[in-house]
Amino acid sequence: MSNVTWVRRRRAIGRFWADFRTHRAGVAGLVILALAVVLALLAPLFIDSSVTNVVSGTGEKMAPPSLDDPLGTDESGRSVLLMIWWGSRTSLLIGFLAALLSMVIGTVLGIAAGHFRRWIGAVILRVTDWFLVLPSLVTALVLAAILGGSTATIIVAIGVTSWPSTARLIRAQTLAVEARPYIERSLALGAGHWHIATRHALPNVAPLLLASTTLEVASAIVTESTLAFLGVSANKTSWGTMLRGSYDWGAATSGAWWYILVPGLCIVTVVMAFTLCGRALETVLNPRLRTRAHA
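Residues numbered from 1 in each chain as written. Predicted model: local features only at pLDDT ≥ 70, side-chain atom pairs only at ≥ 80, totals over all residues. Heavy atoms only, no water.

To continue, consider the UniProt feature "transmembrane region" (unreviewed entry) in the protein. In the numbering adopted here, UniProt assigns the feature "transmembrane region" (unreviewed entry) to residues 25-47, 92-116, 137-160 and 256-281. Structurally, residues 25-47 comprises 96% helix and 0% strand, and the distance from its first C-alpha atom to its last is 32 Å. Annotation note: span residues 92-116, helix share 96%, strand share 0%, distance between end C-alpha atoms 36 Å. (UniProt positions renumbered as here; feature names shortened; annotations may be inferred. Helix = DSSP H or I, 4+ residues; strand = E, 2+ residues; numbered from the N terminus.)

Next up, the structure:
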């Protein structure tokens, strides 16, 4: 890659960051996300999965927050703080990978639907519409129950049920890109379908895809927590399974508010951070939204 290309990319990144940091809410969301990811990555250096073992609890059952256990304990005497810390790994992993799978499926089908105008595009649209009609949460619940409880199956269940909205978005952008004059010139010069899709359509939809991905991760985390609360989990501690545990052991009726509030706040905080970051990215990367913001 030439030096000129590197200079252009550095300048583009510099302009992007200069625009992004003007959105204080987006920067705040980015800081929260960075902190959550770093803590999740560092967790194995300080604790291990034994903190989630029911026989590892040494504290009093359902004990309120104290100096020994800053966020209290659960029904087995385990530290809620350590479980939250370790459970962040599962919640964030499923959220990121499920969103990635959804983005890949949605991008491929969206570009194909926008590029192929005849029966291929029509079939893809009908399949997309069919998935849009299906209740995604119920479908994911059924798929996860059929495939069994594991991290991989939860990721697949969420990913294959949440791609239609992305496919619709990418298709609309692909149609707008392929209506431009330079696409006709490329076709006249002999460019094939693969060249048009990868060299023209994909780079133009990438900024929109980046903003959509951050919102999709937030949605995937909420879906995973909902599935875990409904009893379909990856057999690993996550924020959703902790909420389920607090419900099963009657934390609300016994006054153990910390057992409910802490995992719930973690979910809300991370999802809100992804949403703030995604909205800021969408404003920065979409020229029309950026123009309205400065108007």
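If you look at the biggest cluster of nonpolar residues, it comprises 32 residues, and the most contacted ones within it are V80, I84, I221, Y259, V270 and F274. Taken together, the elements giving at least two residues each to this core come down to α2 (24-46), α3 (80-115), α9 (193-229), α10 (239-248) and α12 (257-285). When residues of this core are assigned to their parent elements, the largest contribution, 13 residues, is made by α12. Sequence-distant contacts of V80, defined by excluding residues within four places in its chain, comprise L71, G72, T73, D74, M242, W258, Y259 and V262. I94, I158, L227 and A234 belong to the second-largest nonpolar core, a separate cluster that totals 12 residues. (Core = buried A, V, L, I, M, F, W, Y, C linked by side-chain atoms within 4.5 Å. Buried < 20%, exposed > 50% of the residue type's maximum accessible area, 1.4 Å probe, protein only. Contact = heavy atoms within 4.5 Å.)

Another aspect to go through is the packing of α3 against helix α7 (residues 164-178). Taken N-terminus to C-terminus, the directions of α3 and α7 make an angle of 40°; their axes are 7 Å apart at the nearest point. What the angle tells us is that α3 and α7 run oblique. The crossing of α3 and α7 is right-handed. Between α3 and α7, the residues in contact are S102, M103, G106, T107, G110, I111, A113, G114 and H115 and T166, A167, I170, R171, T174, L175 and E178, respectively. For the contact of α3 with α7, the per-class residue count stands at six nonpolar, eight polar and two charged. (Axes fitted to C-alpha atoms, helices over the stretch in contact; angles between N-to-C directions. Parallel < 35°, antiparallel > 145°, perpendicular 65-115°, else oblique. Left-handed = near helix turned anticlockwise from the far one by under 90°. Nonpolar A, V, L, I, M, F, W, Y, C, P; charged D, E, K, R; others polar.)

Right, let's talk about the confidence of the model for the protein for a bit. Across the protein, the average pLDDT comes to 85, with 95% of residues at or above 70. Considering each helix and strand of the protein separately, the mean pLDDT is smallest for helix α13 (residues 287-294), with a value of 51, and largest for α2, with 92. A low-confidence stretch, residues 291-295 (pLDDT under 50), is modelled with one contact involving residues beyond four sequence positions or located in other chains. (pLDDT = per-residue confidence, 0-100.)

What follows deals with the packing of aromatic side chains. Applying the stated criterion across every chain, the model contains seven aromatic pairs. Each ring, one from F131 and one from W163, has its centre 5.1 Å from the other, and the planes form 55°; the classification is tilted. Of the two residues, F131 is situated in helix α4 (residues 119-133) and W163 in the loop between α6 (151-159) and α7; the sequence distance between them amounts to 32 residues. What makes W163 buried here is its relative accessible area of 4%. An aromatic cluster is present here, built from W130, F131 and W163 joined pairwise through their rings. One residue, R89, lies across the ring of W86, its end atom 4.8 Å from the ring centre. (Phe/Tyr/Trp six-rings, centres within 6.5 Å; stacked < 30°, edge-to-face > 60°. Lys NZ or Arg CZ within 6 Å of the ring centre and 35° of its normal.)

This part takes up α10. Regarding α10, the residues found buried are W239, G240, M242, L243, G245 and S246. Buried-residue contacts for α10 involve α3, α9, α11 (251-254) and α12. Downstream of α10 by one or two residues, G250 has phi in the positive range, about 65°.

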